[in-house]
Amino acid sequence: MLENLFIIFLLSGTFKDYFLFYHLKLPIDFTLLSVVVSLIYLSVRIILRNKLKVNLSLRNRLVIISFLLFWLWMIISLSYSPSPKYAYTKTFLFSTNFVTIIIVAFGNLDVKKVIKYFIYYTYLFLILYFPVLIATQMRIIPYSSLSSLGGQYLSLGLNLGIIVLIMKFSRLRIFSTNTDNFIFYFSFILLLLIGARGPLLFTVFVLILYYLSRLAKVRFKFSLKKIIFGSFSITSLVALLIIYHDKIKALFDRSLMRFNLILATNKGSSINARIEHLKKSFHLLQDPIVMIKGIGIGSYMFVTQHIDTRGYPHNILLEVWVELGIIGLILFLMTFFSLISYGRISIYISKLLLLYLALNLLTTSSLVDIRLTVGFFMLFFEDQSSLPYSDDKNLTLTA
């Protein structure tokens, strides 16, 4: 139950987009509701079990302390941030990451269950999203009809990349061998269709790193079961391509168009806007004072466009450096490098998955959007374990 509530909390922003699209109004903010329900459930479970277990090693505590110090520096920066309102909003929204830390530290989560719920909800969102996307690409309905779902291709692309890499690198099966293989390939196909350039490129990059590291150890094994399953999968895929060729073509055309923009002179509004943000950020960093202490949390849009609202350079390192200076950047990097440098074996959450999440932070996310990334980094803690000595058939050596 707590695993389900945990994923609902991590994906609460996506839930709200769909509620808005389908005109479902709640009397309370859904993220706040998920926080309250999760913490109440966690508290009741601890009381009923009469046992408080804190799953934190010394290294884990150091990571959390550096994370806390980063947030405290963010609070200090409020004293010189020119933003009159959004700076406080951003500081509060970032603090919701501590809910993630609390749930993982005190909840004794089953990582495998967390992953399953993550897959279930991601596929639910995809079922709701793709019909609308296909209708807009085939000009059945105007693109403006996407409204609140306009940016879902990025968040769903990020989620699909996570699923692909978990299915590939997990040392134990999530469901079964055939099911895990199907989810791996199907999720990768959906990632190709959805048009999220960053998640697709980073997924491919991480997979290439993995295969290069395994190149010298490649061994091909065939069995009748694998041949039958492979033949059935290929036949099913061909049948789907034939039946839905017009809809799939529309999605592929959109994905190819978005990738072609990378090589074009006019790279499209998305990439052009990112380039402009990079220029503005480096211009601000030419001031030695800004380089050291930053312009203040939440003030990027106020300083660059004189608007007190959400805005960021679309590169989380630049965002931290511009708003919180080199001091904030060091604290931020301390947290994540100490996570990645952790040496024990994990079963479900690979370091290559953490690399994928970190790469995505460099192109899309803001500090207020990293709840899912923080969640998986914390699950990496929970997943720390020695591999079992038994000859369990669920044990595989794919990572």
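This structure is a prediction, so every number in the text was calculated from the model and none was measured. (Residues numbered from 1 in each chain as written. Predicted model: local features only at pLDDT ≥ 70, side-chain atom pairs only at ≥ 80, totals over all residues. Heavy atoms only, no water.)

### Looking at the overall build of the protein
So the rule is basically this: Put simply, DSSP marks the helices as runs of H or I at least four residues long and the strands as runs of E at least two long, and each gets a number from the N terminus on. Here, residues are in contact when the closest pair of their heavy atoms is within 4.5 Å.
When you go through the protein residue by residue, the secondary structure sums to 18 helices and zero strands. Counting contacts in the protein only where the partners sit at least 6 residues apart, residues at least 24 apart contribute 81% of the total.

### Quick word on the pattern of salt bridges
Short version of the rule: Any carboxyl oxygen of Asp or Glu within 4 Å of a side-chain nitrogen of Lys or Arg constitutes a salt bridge here. Think of it in three bands: with a 1.4 Å probe and only protein chains considered, a residue is buried below 20% of the maximum accessible area for its type, exposed above 50%, and partly exposed in between.
Scanning the entire structure with this criterion turns up four salt bridges. The closest approach of N and O atoms between lysine 90 and glutamate 323, which form a salt bridge, is 2.9 Å. Here glutamate 323 lies in helix 16 (residues 316-340) and lysine 90 lies in helix 5 (residues 86-95), a separation of 233 residues in the sequence. Here lysine 90 matches glutamate 323 in class, with each residue buried. The closest approach of N and O atoms between aspartate 369 and arginine 310, which form a salt bridge, is 2.6 Å. A residue pair is termed long-range when its members are at least 10 positions apart, and aspartate 369 in the loop between helix 17 (351-361) and helix 18 (371-382) and arginine 310 in the loop between helix 15 (300-305) and helix 16 qualify at 59 residues.

### What to know about the nonpolar core
Generally speaking, nonpolar side chains in soluble globular proteins are found buried as a group. Under the convention used in this document: Buried residues of nine kinds, namely Ala, Val, Leu, Ile, Met, Phe, Trp, Tyr and Cys, make up a nonpolar core once their side-chain atoms join them within 4.5 Å.
Counting residues in hydrophobic clusters, the biggest one holds 94 residues, and the most contacted among them are Ile162, Ile194, Ile349, Leu367 and Phe376. At 13 residues, helix 7 (residues 111-137) tops the list of elements feeding residues into this core. One finds Leu284, Ile295, Tyr300 and Leu318 within the second-largest nonpolar core, a separate group that totals eight residues.

### Here's the deal with helix 18
This is how it is decided: For a helix, the expected span equals 1.5 Å multiplied by the number of residues minus one.
A rise of 1.5 Å per residue sets the reference length of helix 18, with its twelve residues, at 16 Å; its end C-alpha atoms lie 16 Å apart and thus fit the reference within 8%. By the criterion of burial, helix 18 is predominantly enclosed, with twelve of the twelve residues buried. Those residues of helix 18 lying buried are Arg371, Leu372, Thr373, Val374, Gly375, Phe376, Phe377, Met378, Leu379, Phe380, Phe381 and Glu382.

### Regarding the confidence of the model for the protein
We count it as follows: You can read pLDDT as the predictor saying how much it trusts each residue, on a scale of 0 to 100.
Of all residues in the protein, 75% have pLDDT values of 70 or greater, and the mean over the chain is 78. The low-confidence segment residues 385-399, where pLDDT is below 50, has 28 contacts with residues more than four positions distant or belonging to other chains.

### Re unusual backbone geometry
Even without being glycine, histidine 23 reaches a positive phi, approximately 55°. With respect to the element layout, histidine 23 can be found in the loop between helix 2 (12-21) and helix 3 (30-49). Note on histidine 23: relative accessible area 70%, which makes it exposed. A positive phi angle is found at histidine 306, which is not glycine, with a value near 60°. Assignment of secondary structure puts histidine 306 in the loop between helix 15 and helix 16. With a relative accessible area of 66%, histidine 306 lands in the exposed category.

### Notes on a nonpolar patch on the surface
Applied cut-off: Only residues whose relative accessible area exceeds 30% and that form no salt bridge enter a patch; like-charged residues are grouped when within 9 Å of one another, and nonpolar side chains (Val, Leu, Ile, Met, Phe, Trp, Tyr) when within 5 Å. In short, Shrake-Rupley with a 1.4 Å probe defines the accessible areas, and a residue's cover is counted only from the protein chains shown.
Residues Leu26, Ile28, Leu32, Leu33, Val36, Val37, Ile40, Val44 and Leu48 make up a contiguous nonpolar surface patch of roughly 740 Å² in combined accessible area. Take leucine 26: it is sitting in the loop between helix 2 and helix 3. A residue is classified by how much of its surface remains accessible, and leucine 26, at 43% relative accessible area, is partly exposed.

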